[in-house]
Amino acid sequence: MPPPKPHFFKKPPPTVHHLRPLTTTRPPPPPPHFSHLADKCKTIHQLTQLHAQMITTSRIHDNFAASRLLSSSTFSGNLNYASKLFQTIQKPNSFMYNTLIRAHACSFNPKKSLGLLMDMLMCFVMPGKHTFTFVLKACASLRVVWNCMQVHTHVVKFGLGFDLHVVNGLVRAYSVSGCLVDARKVFDECSVRSLSIWTSMICGYAQNGDSCEAIWLFDEMVGGGVEASGVTLASVLSACANSGCVDLGEEIRLYMEEKGIELNVILGTALVHMYARHGAIAEAKTCFDGMREKNVATWNAMICGLAIHGHAKEALGFFENLKDEQVKPNEITLVGVLSACCHAGLYDYGYKIFYSMRKIYGVEPTIEHYGCMVDLLGRSGRVKEAEKLIRSMEMKADVVIWGALLSACTRHGDYEIAERAAKEILKLDPQNHGVFVVLSNMYAEADRWKDVLKLRKVMKMGNLFKTPGWSYIENAT
DNA sequence: CTAGGGTTAG
């Protein structure tokens, strides 16, 4: 009798694939192409079933069918599954790379798109115009100029610098990365421009705070006979709001009526913002009431506009209505609400909001919220508490926040804290001459001329002659 | 053989 074999010589049990048929009545006839089925797969469960069938029938080696499966799996939102599927494909073509690059570009980790482009180049798969459109989208989410430049060199190398989608991607990626000079260079070198390219460039200026340039460019576009769309106008209206060109905004509103451009949430919000920001409260309200659909941004435009124009009570009224409408307030809403409290001196209301931000609204306080709170504490005379709050912040205090404390101290004559705040400001910004003006004003008002002279000496040591602050002090003494 | 762009609030 032979000795029993050790267990590891035993044959492993055969793996059984339990495949449920797609239909319960009868197995489906072999489809003409799996690709048609792939488009219909909506859930991950359906996808895995089809995937399994494709493996058993060897159709997985058909790149066309496999790419349909891949794009369906990216649409179902399961990037992990898509990536794993991609890795099993021996020779992925450019379409497959593009599909995965696009999926990653819209995900939380757009950096993977760049890695895939590198893979592609190393495997000698030719990237095309679609590849760069998607990769540039990833660059726009990453906002790193260096990445944009690297991709740009490849765009030029592959002769794709004239494709309208690619050019648009470049303009957009450069401008959201804050490099408007490069965006403009690409824009200028492009002889045929689509509306999207114009829009990307205008939006780039508007979002980087160069409203005038945005408006000039819009003017140039209209002068060249290009018809603006609602998307373009939203950016231009934002530029109007930031630069005070309410007349142009008014003109745009009439143009939209004339052309029958639908006033959607975004355009409506941009209009409300423009009116409210410049104190045209009645117009802002009319526009706000006329909107069918509203989102947080719409409410924020209204609340913040009211707050900065001193209509604090109304701003808070809108805030209460917002909560009734089941809209979730965000960090911007709360900045508006807190600043309304500052203007109206509503200490208790603001205090309650600030200390319940995290719990009730799920919003982490930012430096702006702290700024409002310091202002609120300071205005109600609680300068000691304000200083304590600043020192307890998890982030580094900035000039604005110390400035708020300083001005509160001068109002309430707290010299000790004022001097500390001034010192902190000068630590952050040694050229800040305004600090001396504020301090000397404070001393002068209290007839403390000795201290004014002391300041004068300090300024001399700091070599700050011939400054606006200096002349101010001279007049005071 | 298949796919792609631009917009609002501090």
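Residues numbered from 1 in each chain as written. Chains lettered and ligands numbered in written order. Predicted model: local features only at pLDDT ≥ 70, side-chain atom pairs only at ≥ 80, totals over all residues. Heavy atoms only, no water.

Chain A is annotated in an unreviewed UniProt entry as Pentatricopeptide repeat-containing protein of Lithospermum erythrorhizon.

Turning our attention to the overall build of chain A. Secondary structure assignment for chain A yields 27 helices and zero strands. Within the span of chain A, comprising 477 residues, buried residues form 44% of the whole. Partitioning the contacts of chain A with sequence separation of at least 6, the portion at a separation of at least 24 is 57%. Surface exposure of chain A reaches about 26,500 Å², of which carbon and sulfur atoms provide 57%. (Helix = DSSP H or I, 4+ residues; strand = E, 2+ residues; numbered from the N terminus. Buried < 20%, exposed > 50% of the residue type's maximum accessible area, 1.4 Å probe, protein only. Contact = heavy atoms within 4.5 Å. Areas by Shrake-Rupley, 256 points an atom, 1.4 Å probe, with all protein chains shown as cover.)

In this model helix H23 (residues 399-412) runs 20 Å from its N-terminal to its C-terminal C-alpha over 14 residues, within 8% of the 20 Å that 1.5 Å per residue would give. For H23, every residue scored as buried is listed here: Ile-401, Trp-402, Ala-404, Leu-405, Leu-406, Ala-408 and Cys-409. Looking at the buried positions of H23, the neighbouring elements they touch are helix H21 (367-379), helix H22 (383-392), helix H24 (415-428) and helix H25 (434-445). (Expected span 1.5 Å × (residues − 1).)

Taking 1.5 Å per residue, 14 residues should reach 20 Å; H24 reaches 20 Å between its end C-alpha atoms and fits that length. For H24, every residue scored as buried is listed here: Ile-417, Ala-418, Ala-421, Ala-422, Glu-424 and Ile-425. Each buried residue of H24 lies within a common arc of 160° when the element is viewed along its axis, so the set occupies one face. Those residues of H24 that are exposed and angled more than 90 degrees off the buried face are Glu-416, Lys-423 and Lys-427. Residues of H24 that are buried make contact with H22, H23 and H25. (Arc of directions from axis to C-beta.)

This part is about the nonpolar core. Membership of the largest hydrophobic core comes to 140 residues, with the highest contact counts inside it found for Leu-405 and Leu-439. Looking at which element gives the most residues to this core, the answer is helix H15 (residues 265-277), with eight residues. Two domains each put at least three residues into this core: domain 1 (15-91) and domain 2 (268-361). In this structure, Leu-405 is in contact with Val-374, Val-383, Ala-386, Glu-387, Ile-390, Ile-417 and Ala-421, ignoring residues within four places of it in sequence. (Core = buried A, V, L, I, M, F, W, Y, C linked by side-chain atoms within 4.5 Å. Domains from an automatic or database assignment.)

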